[in-house]
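Examination of the molecular architecture
These are the residues of each chain, in order.
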Amino acid sequence: MSELAVFPVVVPLFGSLAALLAGLARSETGWPVAVSTLFVQAGVAVVLAGRAFGDQPVRYVVGGFEAPFGIELVIDGLSATMAVLVAVVALGVLGYARVAGPRSNAFYATYLLLVAGLSGMSITGDVFNMYVFLEITGLAAYALVASGEGGRSARAALKYLLVGTIGASLFLLGIGFAYVATGTLNMADLSRQLAEVGYGSPLVQASFGLLVVGLFVKIALFPIHTWQPNAYAGAPDSVSGLISALVSTVAAYALIRLVFTVFTVEFLLANAFAQTVLVAAAAVSIVLGSVLAVTQQEIKRMLAYSSVSQFGLVVGAIAVANGTALTGAAIHLVGHAIMKGGLFLTSGLIADTTGARTVAEYEGLVERFPVGAGAYGVLALAMVGVPPAVGFVGKWYIALGAVEARSWPLVVVILVSTLLTLAYFARVIERMFFREPAGDAAGEGATPAPTLVTDGEGASEPPLVSAGMQATVLLAAVLAIVLGVAAFEYGQLLEPTIDRLLA
Amino acid sequence: MIELLASRIYYLVSFLLLGVGTYMLIANENLVKKVIGMNIFQTGIFLFFIVTAFVSGGSPPILTAPEPYASPLPHVLILTAIVVGVSLTAVALGLIVRIYGEYGTLNESVIQRMILDE
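Residues numbered from 1 in each chain as written. Chains lettered and ligands numbered in written order. Predicted model: local features only at pLDDT ≥ 70, side-chain atom pairs only at ≥ 80, totals over all residues. Heavy atoms only, no water.

1. Focus: the overall build of chain A
The helix and strand inventory of chain A stands at 20 helices and 2 strands. Compactness check: chain A gives a C-alpha radius of gyration of 22 Å against a globular reference of 23 Å for 503 residues, within 12% of the reference. C-alpha extents for chain A along the principal axes are approximately 70 × 60 × 40 Å. Out of the 503 residues belonging to chain A, those deemed buried represent 64%. For chain A, the computed accessible surface area is about 16600 Å², with 69% contributed by carbon and sulfur atoms. (Helix = DSSP H or I, 4+ residues; strand = E, 2+ residues; numbered from the N terminus. Rg over C-alpha atoms; globule rule 2.2 N^0.38 Å. Buried < 20%, exposed > 50% of the residue type's maximum accessible area, 1.4 Å probe, protein only. Areas by Shrake-Rupley, 256 points an atom, 1.4 Å probe, with all protein chains shown as cover.)

2. Examining the overall build of chain B
Per the secondary structure count, chain B includes 5 helices and 0 strands. Order of helices (α) and strands (β) in chain B, N terminus to C terminus: α-α-α-α-α. Taking 2.2 N^0.38 as the reference for a compact globule, 118 residues should give roughly 13 Å; the C-alpha atoms of chain B span a radius of gyration of 20 Å, well beyond that estimate. For the C-alpha atoms alone, the extent of chain B along its principal axes is close to 70 × 35 × 10 Å. A buried classification covers 31% of the 118 residues belonging to chain B. Long-range contacts, defined here as pairs at least 24 residues apart, represent 46% of the contacts in chain B between residues at least 6 apart. Accessible surface, chain B as shown: approximately 7100 Å² in total, 71% of it carbon and sulfur. For chain B, the distance from the average site of its 5 positive side-chain charges to the average site of its 7 negative ones is 2 Å. (Contact = heavy atoms within 4.5 Å. Lys, Arg positive; Asp, Glu negative; His and termini not counted. Charge placed at Lys NZ, Arg CZ, Asp CG, Glu CD.)

3. Focus on empty space enclosed by the protein
Residue and element names in this part refer to chain A. Within the structure shown, the criterion is met by 4 cavities of 30 Å³ or more. Estimated volume of the largest cavity: approximately 60 Å³. Taken together, Met121, Leu134, Thr137, Gly138, Tyr160, Lys218, Val247 and Ala251 make up the lining of the largest cavity. Of all the secondary structure elements, the ones that give two or more residues to the lining of the largest cavity are α5 (127–145) and α10 (237–270). Ranked by the residues each element gives to the lining of the largest cavity, the list is headed by α5, at 3 residues. Grouping the constituent residues of the lining of the largest cavity by class yields 5 nonpolar, 2 polar and 1 charged. (1 Å grid on protein atoms, 1.4 Å probe; cavity = no way out; pocket = protein on both sides within 12 Å on 5 of 7 lines; lining within 4 Å. Points joined across faces, edges and corners; volume = space filled by probe spheres on them. Nonpolar A, V, L, I, M, F, W, Y, C, P; charged D, E, K, R; others polar.)

4. Details of the packing of helix α2 (residues 30–52) of chain A against helix α3 (residues 77–100) of chain A
Residues and elements named next belong to chain A. Here α2 crosses α3 at 160°, and the two axes come no closer than 9 Å. In terms of axis orientation, α2 runs roughly antiparallel to α3. Read as a crossing pair, α2 and α3 show a hand that is left-handed. Residues Trp31, Ala34, Val35, Leu38, Phe39, Gln41, Ala42, Ala45, Val46, Ala49 and Ala52 of α2 pack against Gly77, Ala80, Ala83, Val84, Ala87, Ala90, Leu91, Leu94 and Arg98 of α3. Partitioning the contact of α2 with α3 into residue classes produces 17 nonpolar, 2 polar and 1 charged. (Axes fitted to C-alpha atoms, helices over the stretch in contact; angles between N-to-C directions. Parallel < 35°, antiparallel > 145°, perpendicular 65-115°, else oblique. Left-handed = near helix turned anticlockwise from the far one by under 90°.)

5. Brief notes about unusual backbone geometry
Glycine aside, residues mostly have negative phi angles, and peptide bonds mostly take the trans form. All names here are of chain A. A cis amide bond, omega 5°, links proline 387 with the succeeding residue proline 388. Inspection of the secondary structure puts proline 388 in the loop between α15 (370–384) and α16 (390–404). A positive phi angle, close to 55°, is found at arginine 406, a residue other than glycine.

6. Some words on the nonpolar core
Residue and element names in this part refer to chain A. In terms of nonpolar packing, the biggest core is built from 207 residues, with Tyr131, Phe260, Tyr376 and Phe425 touching the most fellow members. The element best represented in this core is α10, accounting for 21 residues. Those residues in contact with phenylalanine 260 that lie beyond four places of it in its chain are Val265, Leu268, Ile318, Ala321, Leu326, Leu501 and Leu502. (Core = buried A, V, L, I, M, F, W, Y, C linked by side-chain atoms within 4.5 Å.)

7. Some words on the pattern of salt bridges
Residue and element names in this part refer to chain A. Tallied over the entire structure, the rule returns 8 salt bridges over all chains. Two residues, arginine 431 and glutamate 363, come together in a salt bridge whose shortest N-O distance is 3.7 Å. With a gap of 68 residues between them, arginine 431 in helix α17 (residues 408–434) and glutamate 363 in the loop between α13 (323–354) and α14 (365–368) connect regions that are remote in the sequence. For the pair arginine 431 and glutamate 363, one class covers both residues: buried. One network of salt bridges, in which partners are shared, links Asp237, Lys300 and Arg357. (Salt bridge = Lys/Arg side-chain N within 4 Å of Asp/Glu carboxyl O.)

8. A closer look at the packing of aromatic side chains
All names here are of chain A. By the definition in use, this model includes 23 aromatic pairs over all chains. The interplanar angle of 80° and the centroid separation of 5.1 Å between the aromatic rings of phenylalanine 208 and phenylalanine 263 together place this pair among those described as edge-to-face. Here phenylalanine 263 lies in helix α10 and phenylalanine 208 lies in helix α8 (residues 202–219), a separation of 55 residues in the sequence. Like phenylalanine 263, phenylalanine 208 is buried. Pairwise contacts between aromatic rings join Tyr142, Tyr160, Trp227, Tyr232 and Phe344 into one cluster. The ring of tryptophan 31 has arginine 98 lying over it, and the distance from NZ or CZ to the ring centre is 5.3 Å. (Phe/Tyr/Trp six-rings, centres within 6.5 Å; stacked < 30°, edge-to-face > 60°. Lys NZ or Arg CZ within 6 Å of the ring centre and 35° of its normal.)

9. Here's the deal with a nonpolar patch on the surface
All names here are of chain A. There is a patch of nonpolar side chains on the surface, built from Val10, Leu13, Phe14, Leu17, Leu21, Leu24 and Leu113 and spanning about 670 Å² of accessible area. The element that contributes the greatest number of residues to the nonpolar patch is helix α1 (residues 7–25), accounting for 6 residues. You can see valine 10 is positioned in helix α1. (Patch = residues over 30% accessible without salt bridge, like charges linked within 9 Å, V, L, I, M, F, W, Y side chains within 5 Å.)

10. A word on the interface of chain A and chain B
If you look at the interface, chain A gives 31 residues, while chain B gives 35 residues. Summed over both sides, the interface between chain A and chain B buries roughly 2800 Å², with carbon and sulfur atoms accounting for 82% of that surface. Area buried by chain A at its contact with chain B is led by Arg155, Leu158 and Leu162 of chain A, which between them contribute 22% of it. Put simply, chain A and chain B have 1 salt bridge between them. (Buried area = accessible area lost by both parts, 1.4 Å probe.)

11. Here we look at the confidence of the model for chain B
For chain B, the mean per-residue pLDDT works out to 88, and 100% of the residues sit at or above 70. Within chain B, the element-level pLDDT minimum falls on helix α1 (residues 2–7) of chain B, averaging 79, and the maximum on helix α3 (residues 31–52) of chain B, averaging 92. (pLDDT = per-residue confidence, 0-100.)

12. Some remarks on the packing of helix α6 (residues 150–182) of chain A against helix α2 (residues 9–27) of chain B
Put simply, α6 of chain A and α2 of chain B touch, their axes get as near as 12 Å, and they point 165° apart. Taken together, the axis directions place α6 of chain A and α2 of chain B in an arrangement best described as roughly antiparallel. The chirality of how α6 of chain A crosses α2 of chain B is left-handed. Taking contact as the criterion, the partners of Leu162, Ile166, Leu173 and Phe177 of chain A in α6 of chain A are, on α2 of chain B, Phe15, Leu18 and Leu25 of chain B. Split by residue class, the contact of α6 of chain A with α2 of chain B holds 7 nonpolar, no polar and no charged.

Below, the structure is given as structure tokens:
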């Protein structure tokens, strides 16, 4: 029954089509279609994950063409984690989007297309197939960012598209170099043949460089992150919740997959320079991402820059390249997705309830909107890494891995990063809980303050806050704590997968 | 040196196109020309793939033709990549139409100034 492996891609693809067709018959029918599709998707992903966490990954050859020639789907513990994460987060964000989000059927068709692309990236075992899914993900994400009203979201989406396309094209060029060197595109086969070609070959090194830089653009690491704050801040709230939680996360997963399955640890050992570049990119991203986050006034932009710094941590774990750090990377990817998606949705909820969208407007929020302020506080502290939240466990493993590898500069940066994360969240938390609302801000509390920000809803509509939106936000806050408790168990479950990656 | 360059002229041209595309993407203020730059960049990569498939004296990969064959796989990959490129261009132009409707101009710096003035 390994045919089940194609369903994480096929289900949302057909769901997307169904949402479009349902829109022809009746408008605003996209939401129920999307929910039922994603329930099926989550079920399939969980069943697959149950099998993938065994000794052997689930393999499926598409169309009956044998492995090195045809496209192979390979689902191991890490892929299964991503597939489940994608399905669950997409389902959760739907709970928020029913009232808040864009409601057209085209929106939900694109939404499911994004899920298909992300799931495809997670489970494919073929590098060119991964490029195609990367572009599907990209196209859907550009369209979703543009689904907000006004010029801001369109400009953000165009910038995202131009920069993202360059990233994906570099990725494609990297595949080209690897193909020229070996004549194959299957990941397992590539890894064997690249070893035969030799890790010192300029073709192989160039291929590694292009693939990594291409994915850096998609992950949004420091010097090439410029598309990301605009895209996250310009998109409607439900979309920023979705893409901040999933798109960069799956790109980081792709980086892990390429570095360890295709190029293997021996490549990193043979090319100390490559490892140095990864460490440097991680360190610069962690520090400067946080510094930029501290300087932001708009909450959503601050959260976006925070992602730049958090993904620096994950890349740092990849550079360290030992089992502990990779376990930490996997936990942090999941944890960050829950926390950052939750934070974006919470900030959207707060904006819809009180109109507050900047750090200054958050003053005394706990009196105006205790639920939102509470959820935001919990998620922010989880992100900083207060035990027992999941943010702590991920960072702990990564730091421990860096100590094991005696990568002292990285250890220092990771520890400092906790302080830096505290720096930008503390000023928000302090304003929310320990300051009286400023006079004029409190007076306008009930109506949305006239800011420059334009979000998904038109200015004419009254802010609608549904129970579903509040439930989603609270669920994210609870998950951020519960996952922290479950993370150690998960780390053990992941052990055979990580051993295979490092073999 | 000249001979070395001449034997790799196709690779040189494809990488030249990458440079031209990147330059247009960054330096041009007109949004449509930025998209054209993106297209040129992608075309450079497409041509690189096609060049790698070339076999001197090779014939089309049909069983009745004599060996050696040109590699068909890069062509197939690039067909897929071209389709992706067309969709990207379509989405980009759609966004530009919206931006033009909003601001009434295609010039990036003019739009920037309009936002700062608001």
